[in-house]
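Structural features, examined
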Amino acid sequence: MMGIRLTKCKKQTMNKIEEYLNPKYVYFKIDENEMLKEVDDKVLKGEKILKTKFDTFIHSSVSGKIVDIVEKLDYQNKKCKFLKIENDFKEKEKYKEQDIKKITKDEFIENLKNNGIVGLGGAGFPTYIKYNTDEAKTLIINAVECEPYITADYNNLFNHTKEVVEALKIINKIYKLDEIIIAIKVGNRLLKEKVIPFTRKNNNIKLVEVPNLYPMGWEKSLVRYIKHTDYKKLPIEKNIIVSNVSTIYAIYESLKFNKPLIEKVVTLSGDFKNSTNVKVKIGTEFKELKEVFKDYNNDEITLITGGPMMGESVSSDEFIISNNLNSVIALKDVKEEDAITCLRCGKCSDNCPAKICPVLVKDNINDKDELKRLNVGRCIECGICSFICPSKINLREYLRKAKKKVK
């Protein structure tokens, strides 16, 4: 199995979740989205404010008033236009439990679509599209979380095992699946002990432990290891759906309470005494979380959004927490090492899970036809090539540029 071993750095945030649900303002990226509300409009918590190009919706995470359209940093360190909503702290919208025992597939798809449920593993792809199929036989729940530091998925599964399993039973009833597999990393003993009693009560839900390798959480790696098969573009080619475990919990809340995606758990970890996981309103500006990071000092640290392997360093703490951000890592004394000439050792290609040759991509960065031949589109930007390179060449950046050129 292709992959590398990394230091986990997870103990400091295991079984820790705090809440920060009272931001003064929340922000929602306009981008290519259609505005459903205007400046000065009042909104309720959970009200639709933007419609995406995928025909799904983004909802306000607070009740209040749209006060402006502003330019802010997104979590990828890019300046974008955002709707700015002032929180009135009234939390007017309440969610009532509803009967979902007889929900149909069409109702299920429409629920996910209307409530803006997206993949919470980082991709942010609309979940209703993934489930809009008649071909599914296997559902794999990805709770692997293979990057260092991040424990948001672990804590969601550990604290909401019953709810996750309830959602899985509903999905199973709708799709009449052959099997549902919950994948966790080997060695997560406490999580295993928490999940096993539920799998014993449900015959076609089982737990599978996967090797502690990076990037085992990548869909292709999971499918290869668990089902011993491969696919070209999407797992459904092999009658498989792969869903992140935090997405499944969001599906549970969407079905059970008709609650849109307005909150999520984010790991805040790194060189801090009080590292933790925080349940936040989507749209919260990160700098407001200084209440959690009481020893936070922006002059001494580098902030990385996402994991240390696939994440981005950001220039400021004034970035917005979106629905596809799962962690913010704060590291002290981060120094970029000067690159030297490639040694032609071959480690980048030997360890690439997508089976491409990163150094050849670097050498041909200005040759679009050659980049296509090198299959740069298969790169998942896992960062292994940069991490493992003895010459300290930032190969991942070359691959990102190459992917943009051939797109």
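Residues numbered from 1 in each chain as written. Predicted model: local features only at pLDDT ≥ 70, side-chain atom pairs only at ≥ 80, totals over all residues. Heavy atoms only, no water.

Okay, the environment of V245 next. Mapping V245 onto the fold places it in helix α7 (residues 245-257). Non-local contacts of V245, meaning those with residues more than four positions away in its chain, are made with I141, N142, A143, D153, L157 and V164. (Helix = DSSP H or I, 4+ residues; strand = E, 2+ residues; numbered from the N terminus. Contact = heavy atoms within 4.5 Å.)

In total, this model carries 30 salt bridges according to the counting rule given. Of the charged contacts in the structure, one is a salt bridge between K45 and E91, with a shortest N-O distance of 2.7 Å. Taken together, the residues span a long stretch of sequence, with K45 in the loop between β4 (42-43) and β5 (48-51) and E91 in the loop between β8 (79-87) and α1 (105-114) at a distance of 46 residues. Residue K45 shares its accessibility class with E91, and that shared class is buried. The salt bridge partner of D230 is R224, with a shortest N-O separation of 3.1 Å. According to the relative accessible area criterion, D230 is partly exposed, its value standing at 33%. Three or more residues are tied together by salt bridges with common partners; here these are E312, E381, E397, R400 and K403. (Salt bridge = Lys/Arg side-chain N within 4 Å of Asp/Glu carboxyl O. Buried < 20%, exposed > 50% of the residue type's maximum accessible area, 1.4 Å probe, protein only.)

Contact geometry of helix α4 (residues 161-175) with α7 gives a least axis separation of 8 Å together with a crossing angle of 75 degrees. By the criterion of interaxial angle, the relationship of α4 to α7 is roughly perpendicular. Only V245, I248, Y249, Y252, L255 and K256 of α7 make contact with α4, whose side of the interface consists of E163, V164, E166, A167, L168, I170 and I171. Of the residues that constitute the contact of α4 with α7, the class distribution is ten nonpolar, no polar and three charged. (Axes fitted to C-alpha atoms, helices over the stretch in contact; angles between N-to-C directions. Parallel < 35°, antiparallel > 145°, perpendicular 65-115°, else oblique. Nonpolar A, V, L, I, M, F, W, Y, C, P; charged D, E, K, R; others polar.)

Scanning the entire structure with this criterion turns up eight aromatic pairs. Here the aromatic rings of F108 and Y131 are separated by 5.7 Å at their centres, their planes lie at 80 degrees, and the arrangement is edge-to-face. Placement of the pair is F108 in helix α1 and Y131 in helix α2 (residues 127-131), with a sequence separation of 23 residues. By the burial criterion, F108 is buried, and Y131 matches it. A connected cluster of aromatic rings, assembled from ring pairs, spans F108, Y131 and Y175. The lysine or arginine in question, K362, covers the ring of Y398, its NZ or CZ lying 5.9 Å from the ring centre. (Phe/Tyr/Trp six-rings, centres within 6.5 Å; stacked < 30°, edge-to-face > 60°. Lys NZ or Arg CZ within 6 Å of the ring centre and 35° of its normal.)

Next up on the list: the pairing of β8. Where a strand is regular, its side chains alternate between the two sheet faces. Relative to β8, strand β2 (residues 25-29) runs antiparallel, the two being bridged by five bridges. Directly across from K29, in β8, lies its bridge partner F82. Strand direction decides the pairing type here: strand β7 (residues 64-73) and β8, joined by nine bridges, are antiparallel. Following the sheet pairing, K65 is matched in β8 by E86. Count of turn residues in the β7/β8 antiparallel hairpin: five residues, of which N77 carries a positive phi of about 70 degrees. (Pairing = 2+ DSSP bridges.)

This part is about a positive patch on the surface. There is a patch of like positive charges on the surface, built from K42, K65, K90 and K92. Following the sequence through the fold, K42 ends up in strand β4. (Patch = residues over 30% accessible without salt bridge, like charges linked within 9 Å, V, L, I, M, F, W, Y side chains within 5 Å. Areas by Shrake-Rupley, 256 points an atom, 1.4 Å probe, with all protein chains shown as cover. Lys, Arg positive; Asp, Glu negative; His and termini not counted. Charge placed at Lys NZ, Arg CZ, Asp CG, Glu CD.)

With that settled, consider the nonpolar core. Counting residues in each nonpolar core, the largest one holds 53 residues, and the members touching the most others are F108, Y131, L139, L157, L168, I182 and I248. It is α4 that provides the largest number of residues to this core, a total of eight residues. If we ignore the near neighbours within four places in the chain, the residues touching L139 are Y131, L168, I171, L177, E179, I180, I181, I241 and S243. (Core = buried A, V, L, I, M, F, W, Y, C linked by side-chain atoms within 4.5 Å.)

With that out of the way, let us pick up unusual backbone geometry. Omega for the peptide link from Y214 to P215 comes to 10 degrees, which places this bond in the cis form. Assignment of secondary structure puts P215 in the loop between β11 (205-210) and α6 (219-227). We note that D55 has phi near 65 degrees; this positive angle belongs to a residue other than glycine. Using a relative accessible area of 30% as the deciding quantity, one classes D55 as partly exposed.

A few words now on the sheet that holds β5. Taking strand neighbours across the sheet as the criterion, the three strands line up as β3-β5-β6 in an open arrangement whose pairing is antiparallel. Two strands lie at the open edges of the sheet, namely β3 (34-35) and β6 (57-59), each paired on one side alone. Pairing geometry for β5 and β6, over three bridges, is antiparallel. If you follow K51 over to β6, its bridge partner there is F57.

As a further point, take the state of the cysteines. Cysteine pairs can be linked by a disulfide, which is a covalent bond between their two sulfur atoms. Tallying each qualifying case throughout the model produces zero disulfides. C146 carries a free sulfur, and the closest cysteine sulfur to it, the one in C382, is 9.1 Å from it. Given a relative accessible area of 13%, C146 falls into the buried group. Free of any disulfide, C352 has its nearest neighbouring cysteine sulfur in C382, separated by 6.3 Å. (Disulfide = S-S within 2.5 Å.)

Keep in mind these numbers describe shape, not what the thing actually does.
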